[in-house]
Amino acid sequence: MRVVITRDAARAGGLEEGLRAAGLAVDFLPLTEQRLVADVAVLRGAVDRLRAGEFSWLLVTSATTVRMLAAVGWTGEVPAGTRLAATGAATAAGLAERTGVEEIWTPSSEASASGLLAEMPTPRPGERVLLPQSALATPQLRDGLAAAGWDVTAVTAYETVSRLDDGVPPEGVPRLQADDVVLITSSSAAQAWVELVAGAERRGDELAPAQVLAIGRPTARTLEELESPADVVLDAPTAAGVRRALGRSSPA
């Protein structure tokens, strides 16, 4: 059995290592790519304010965000009074690697905007949070934080674009097989996946993997809205979660 993950091989990490350790083949189907916003002035200004200690919290929702902050000159420096928060364990690991800070707050239940909003501490008066996000991010997290009393500075860090050309993937990506399991990693990847399936149908190609797994409720919701629901929804991007979904025991 092969697990095909909808991201670039360069972003491989603990998830892929865990799957291989469990005896699963791993391949990559990068359907999207992330690009730094064309005008970085606002993002760079936010990083300067972060260094100056203007924010009580830095809240990061993806490892891509960490890379984009680095691309505009953030060295990982965090003032003593600024706390770090991340959506889930994978994002927290990327943030910890960049900053050297081990104490990063994450929600204990669901690794999503909903999980963050349900568990974020109540702000003290005047507390500010910096929220760098994708251009495709919904206002749910920003508006929810503001409603809870946070002074939110939301900035766009990157754009996500499809790598497909009228439903046709770029050269060099693997051809899917009937016993493959496709792991959809994000809402933007979900949109591109549905575009890929539609393109294959127009060309009369067979594109029917054994299972489609979605990481997180937002990704699953996108697939549902596009009438292509996932077979299984994972709470977090972990090898253990994939093994459970596939009925695989932990490696000996």
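Residues numbered from 1 in each chain as written. Predicted model: local features only at pLDDT ≥ 70, side-chain atom pairs only at ≥ 80, totals over all residues. Heavy atoms only, no water.

Chemist: Just to check I follow, could you spell out the overall build of the protein chain for this structure?
Modeler: Regarding its fold elements, the protein chain presents nine helices and 10 strands. Oriented by its inertia axes, the alpha-carbon framework of the protein chain measures out at about 55 × 45 × 30 Å. Residues counted as buried form 44% of the 252 residues belonging to the protein chain. In the protein chain, the proportion of contacts linking residues at least 24 apart, taken out of those at least 6 apart, comes to 66%. As displayed, the protein chain has an accessible area near 12100 Å², and 47% of this comes from carbon and sulfur atoms. For the protein chain, the distance from the average position of its 23 positive side-chain charges to the average position of its 32 negative side-chain charges is 3 Å. (Helix = DSSP H or I, 4+ residues; strand = E, 2+ residues; numbered from the N terminus. Buried < 20%, exposed > 50% of the residue type's maximum accessible area, 1.4 Å probe, protein only. Contact = heavy atoms within 4.5 Å. Areas by Shrake-Rupley, 256 points an atom, 1.4 Å probe, with all protein chains shown as cover. Lys, Arg positive; Asp, Glu negative; His and termini not counted. Charge placed at Lys NZ, Arg CZ, Asp CG, Glu CD.)

Chemist: Before we go on, may I ask you to explain the sheet that holds strand E2 (residues 25–28) in this structure?
Modeler: Whether parallel or antiparallel, the strands of a sheet pair through hydrogen bonds between backbone atoms. Spatially, five strands are ordered E2-E1-E8-E9-E10 in an open sheet, and the strand pairing comes out parallel. Single-partner strands in this sheet number two, and they are E2 and strand E10 (232–234). For this sheet the average axis-to-axis angle between neighbouring strands, irrespective of direction, equals 25 degrees. Where strand E1 (residues 2–5) and strand E8 (residues 181–184) come together, three bridges link them in parallel fashion. Within the sheet, the bridge partner assigned to Ile5 lies in E8 and is Leu183. Sheet contacts for helix H1 (residues 14–21): E1, E2 and E8; angle to E2, the most-contacted strand, approximately 145 degrees. (Pairing = 2+ DSSP bridges. Axes fitted to C-alpha atoms, helices over the stretch in contact; angles between N-to-C directions.)

Chemist: Please explain the environment of Arg244 as it appears in this structure.
Modeler: Its location among the elements puts Arg244 in helix H9 (residues 239–246). Judged by relative accessible area, which is 62%, Arg244 ranks as exposed. Sequence separation between Arg244 and Leu234 is 10 residues; the distance between their C-alpha atoms is 9.5 Å.

Chemist: Is there a simple way to explain the packing of helix H3 (residues 63–71) against helix H4 (residues 89–99) in this structure?
Modeler: To characterise two packed helices, one gives the angle between the axes of the helices and the distance between these axes. Look at H3 against H4: their axes get within 8 Å of each other, and the N-to-C directions meet at 25 degrees. Accordingly, the angle class assigned to the pair H3 and H4 is roughly parallel. Every residue of H4 that contacts H3 at Ala63, Val66 and Ala70 is listed here: Thr91, Gly94, Leu95 and Arg98. In terms of residue class, the contact of H3 with H4 is made up of four nonpolar, two polar and one charged. (Parallel < 35°, antiparallel > 145°, perpendicular 65-115°, else oblique. Nonpolar A, V, L, I, M, F, W, Y, C, P; charged D, E, K, R; others polar.)

Chemist: Just checking my understanding: could you explain the sheet that holds strand E3 (residues 32–36) for this structure?
Modeler: Read from one edge to the other, the open sheet built from five strands follows the order E3-E7-E6-E4-E5, with strand pairing classed as mixed. Both edges of this open sheet fall to E3 and strand E5 (83–86), since each of them pairs with a single strand only. Ignoring strand direction, the axes of neighbouring strands in this sheet form an average angle of 25 degrees. Pairing analysis gives four bridges linking strand E4 (residues 57–60) to E5, with the strands arranged parallel. What sits directly across from Leu59, in E5, is Ala85.

Chemist: Would you explain the packing of aromatic side chains in this entry?
Modeler: The geometry of two aromatic rings is summed up by the distance between their centres and the angle between their planes. With the rule as written, the count across this model stands at two aromatic pairs. Residues Trp57 and Trp105 carry aromatic rings whose centres are separated by 6.3 Å and whose planes lie at 85 degrees to one another, so their mutual orientation is edge-to-face. Linking Trp57 in strand E4 with Trp105 in the loop between H4 and helix H5 (113–119), this pair joins segments that are 48 residues apart in sequence. Taking the centre distance of 5.9 Å and the plane angle of 80 degrees together, the rings of Trp57 and Trp150 count as edge-to-face. Placement of Trp57 in strand E4 and of Trp150 in the loop between helix H6 (140–147) and strand E7 (151–162) is noted, with a sequence separation of 93 residues between them. Looking at Trp150, the relative accessible area reads 5%, which means it is buried. One aromatic cluster is present, formed by Trp57, Trp105 and Trp150 through successive ring pairs. (Phe/Tyr/Trp six-rings, centres within 6.5 Å; stacked < 30°, edge-to-face > 60°.)

Chemist: What exactly am I supposed to notice about the pattern of salt bridges here?
Modeler: Where charged atoms from two side chains of opposite charge approach closely, those side chains can pair. Taken as a whole and judged by the stated rule, the model has 12 salt bridges. In this structure, Glu33 and Arg35 form a salt bridge, with 3.4 Å as the shortest nitrogen-oxygen distance. Look at Glu33 and you get partly exposed, because its relative accessible area is 32%. Salt bridges here are not isolated pairs; linked through shared partners, they connect Arg49, Glu54, Arg128 and Asp151. (Salt bridge = Lys/Arg side-chain N within 4 Å of Asp/Glu carboxyl O.)

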